[in-house]
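# Architecture and fold: a report
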Amino acid sequence: MERRVAAGVHVGKPRTRLGKRLAPYLLVLPGGLWLLIFFLVPIGFMASVSLQTGNLEEGFRQTWHFHRYIEVFQQYRPEFIRSFVYGSIATGITLAAGYPLAYWIAFHGGRHKTTFLFLLLLPFFVSFVIRTLAWQFILADDGIVLGALKRWHLLPHSFHVLATQTAVISGIAYNFLPFMALPLYVAIERIDRRVVEAASDLYANKRDVFLRVIFPLSIPGVFAGILLTFVPAVGDYVNASILGGTNTTMIGNIIQLEFLQNFHYPAAAALSFILMGILLVGIFIYARVLGARSIEEYV
Amino acid sequence: MSEKPEGRSIDPALLRGLTQRRISRRDMLKYGGGAVGLSILAACGVSGTATGNRSTPSVTNFSKIYDDGKPAGVLNFANWEDYIDVDSKGNSPSLRQFTKDTGIKVNYKTVINDNDPFLAKIIPVLQAGQDTGYDLVVLTNGGGIERLIRLGYATPLDHKYLPNWEKNADPKTKDPVYDPGNKYTVPWQSGFTGIGYNSKLIKTPPTGFKDLLNPAYKGKVGMFANNQDLPCPALASMGLDPNKATPDQWKQAADLVNKARGDGIIRKFYDQSYINALENGDTIITQAWSGDIYIASQPKSGGGDGYPEMKFVFPQEGPIYWHDNIAIPLHAQHPVDAITYMNYVYRPDVAGMMADFIWYVTPVPSAKDYVLTTLKDSTVANSPLIFPTTEDLAHAWQYKFFKTPQEEDDWNAVWQPVYT
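No experiment lies behind these values; they were computed from the predicted model shown. (Residues numbered from 1 in each chain as written. Chains lettered and ligands numbered in written order. Predicted model: local features only at pLDDT ≥ 70, side-chain atom pairs only at ≥ 80, totals over all residues.)

## A few points about the overall build of chain B
- For chain B, the helix and strand inventory stands at 17 helices and ten strands.
- Of all 420 residues assigned to chain B, the portion counted as buried reaches 49%.
- Long-range contacts, defined here as pairs at least 24 residues apart, represent 76% of the contacts in chain B between residues at least 6 apart. (Helix = DSSP H or I, 4+ residues; strand = E, 2+ residues; numbered from the N terminus. Buried ≥ 20, exposed ≤ 12 C-beta atoms within 10 Å, placed from the backbone. Contact = placed C-beta atoms within 7 Å.)

## Some remarks on the nonpolar core
- Membership of the largest hydrophobic core comes to 115 residues, with the highest contact counts inside it found for Leu136, Leu148, Leu230 and Ala327 of chain B.
- Looking at which element gives the most residues to this core, the answer is helix H13 (residues 348–358) of chain B, with six residues.
- If sequence neighbours within four positions are ignored, Ala327 of chain B has contacts with Val137, Leu139, Ile145, Leu148, Ala154, Tyr184 and Thr185 of chain B.
- In terms of nonpolar packing, the next biggest core, distinct from the first, is built from 55 residues, Val49, Ala102, Tyr185 and Val222 of chain A among them. (Core = buried A, V, L, I, M, F, W, Y, C linked by C-beta atoms within 7 Å.)

## Considering the interface of chain B and chain A
- Across the boundary between the two partners, chain B contributes 27 residues, which contact 31 residues of chain A.
- Counting only elements with at least two residues in the side of chain B that touches chain A, the list comes to helix H1 (12–29), helix H5 (115–127), strand S6 (266–270) and helix H17 (405–419) of chain B.
- The element that contributes the greatest number of residues to the side of chain B that touches chain A is H1 of chain B, accounting for seven residues.
- For the side of chain B that touches chain A, a count of residues per class yields eight nonpolar, nine polar and ten charged. (Nonpolar A, V, L, I, M, F, W, Y, C, P; charged D, E, K, R; others polar.)

## Here's the deal with the domain arrangement of chain A
Residue and element names in this part refer to chain A.
- Along its sequence, chain A is organised into domain 1 (1–50) and domain 2 (68–298).
- On a C-alpha basis, the centres of domain 1 and domain 2 stand 37 Å from each other.
- Taken residue by residue, the interface counts four residues in domain 1 and seven residues in domain 2.
- In terms of residue class, the side of domain 1 that touches domain 2 is made up of three nonpolar, one polar and no charged. (Domains from an automatic or database assignment.)

## Brief notes about the packing of helix H9 (residues 193–201) of chain A against helix H10 (residues 206–217) of chain A
All names here are of chain A.
- Look at H9 against H10: their axes get within 10 Å of each other, and the N-to-C directions meet at 145°. The handedness of the crossing between H9 and H10 is right-handed. Residues Val195, Val196, Ala199 and Ser200 of H9 touch H10, and the partners they reach there are Val209, Val213 and Ile214. (Axes fitted to C-alpha atoms, helices over the stretch in contact; angles between N-to-C directions. Left-handed = near helix turned anticlockwise from the far one by under 90°.)

## Some remarks on unusual backbone geometry
All names here are of chain A.
- Notably, Trp64 is not glycine yet its phi reads approximately 50°, a positive angle.
- Along the chain, Trp64 falls in the loop between strand S2 (59–62) and helix H3 (67–75).
- Since 10 C-beta atoms lie within 10 Å of it, Trp64 is described here as exposed.
- For Tyr203, which is not a glycine, the phi torsion comes out positive at approximately 70°.
- Along the polypeptide, Tyr203 turns up in the loop between H9 and H10.

## So, the pairing of strand S1 (residues 52–55) of chain A
All names here are of chain A.
- Burial along S1 is one-sided: Gln52 and Gly54 are buried, while Thr53 and Asn55, pointing the other way, are not.
- Judged from the four bridges that link them, S1 and S2 form a sheet pairing that is antiparallel. Bridging across to S2, Gln52 finds its partner in Gln62.
- Linking S1 to S2, which pair antiparallel, is a turn of three residues. (Pairing = 2+ DSSP bridges.)

## Quick word on the environment of Trp165 of chain B
All names here are of chain B.
- Summarising the element assignment, Trp165 is placed in helix H7 (residues 163–168).
- The buried category is assigned to Trp165, around which 22 C-beta atoms lie within 10 Å.
- For the pair formed by Trp165 and Asn343, sequence separation is 178 residues and the distance between their alpha carbons is 6.0 Å.
- Look past the residues within four positions of Trp165 in its chain and what remains in contact with it is Val186, Met342, Asn343 and Tyr346.

This is the structure we're talking about:
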């Protein structure tokens, strides 16, 4: 090995130096190209589409119609608000459910940790549309759960779960739980046990150990988990269309409708950009307030 | 509705649109400015058909399309789920027979879930002047098929290859408003939009659309989430012809549905999943397509879903009668094979074979005899959902036909907020 390197140096010294200088760029090249081709180009294309005017049959022309952004935002404001409310609540639920789960696996999982993690990931082996459809059947008004409870008169006959906000929010939380639990697990798992022991040695009770040692140290995981859950949750449309009713339409449903059903490409593109813009600004603020500081503390 | 569509020639606005498109459409195709060649190609393809098929229909050069009329031996057929006859092994007897008769091998693919999403997939390909990979597609009137025709993406049919259609097709389905003279399409199957209900839970049979607004069924009513099956019945219930109602009347009908929505009477606006909702008890009364309810009501042993309590009602104000049509997309590789197949399905025995499985309305009335005497299936032969009587059709309304894209946008602007 050493000899080969030496030989290389001997033969082409200047070239190696150049290679060394280029190395970081060469390493980033595949990823950079990937981003350029598959992210920047389509994004630029969609940005141009969002400022066109026309329809499928007469064609679309670039008119720089910036006002469209205001029009579609006003038209679909309720759906925007609803999406962010649902996304926030669902993220809160996954955090509340995912934290104890991750904590338990990390601290008490013992030698079965991998098994538990595998179980957590198991649902991913089935398409999430299929799993959501399964819930549609399970929770049907006269289905195996509600039907039975109604027959035993434990529930009033008019009771239903589907077609409610609760159903949609629970569906989102259910589908995105692993996105929250996994980063949490990684963060909690990395906590040095000696720090926890030291806290106990210094007379911290269990509550203080958690609140003042474990939880602060797991903040990076909380940060990553919220990010990974909240962003897709806000843009989700599958849960609303399968589990929802008349008043649960989210912005994702609207974008899908405008794009695939109405062929209003400009409106759909503008809506996507508004959603992306709000999310980016939100995440930026969130990262400044919580993310950066906590990561610094952690390091 | 046997009402004759007014004999409309080509709308000048439409022609203008078609010619304009050639230039502006290119913008859509410039993926990052790289594919200029592609867009020039697309422009050629579009302009060729736009002038060739539209402005001078009488001189369509069929020999250019169908050559010497010799099939290539392959047919790529894009259809909807459950829309052809299937035996216990999952094969289609009618397709097998077709291959036996003609030597044409059929690649049958059920890739169409919905008109517009399917069009959204094939239109960019057609814009690029390329073959979609399908020689036959099935699209519904009231949006899908009109779009394909208007964009100039349907191959004109040479009727000399369609003697069976000429002879056996239901005259009421010929020369429809959305394709005058059947220049580009022939019907595949038709169906009704009416009302489906659970007769175990609803004792007095519903009579019309107004029963869907009954507060007694609060939270248990299903309606369609699309811009034909919801608006047309609502307009019909007000005694209006969906094709003649004014924009003000559209709004009145929309308000009617909106009120029921606000009162919580409507549980949800469904896509094709409405039938599961009815079977699961999520809804007890719903807007419905005739064939689905028939399938739901038949015993499992007979290929149905086993819910005998599911019933279909022709609303007294008239059901909506829609048509799925077969067309050959532009640039199809095997047009002769496609038109040969179009002709084949208009044989009464073939139509009968398919009707006995599909359970929608066949465009070949004489298939009834075949179903009755050869297949000995009197249930199907006597069902008004499959072989409707003239009386059933007398009050039926057609899907709204959009004269211009603008009219479609205006209509959607009224209805979309109702069902989203």
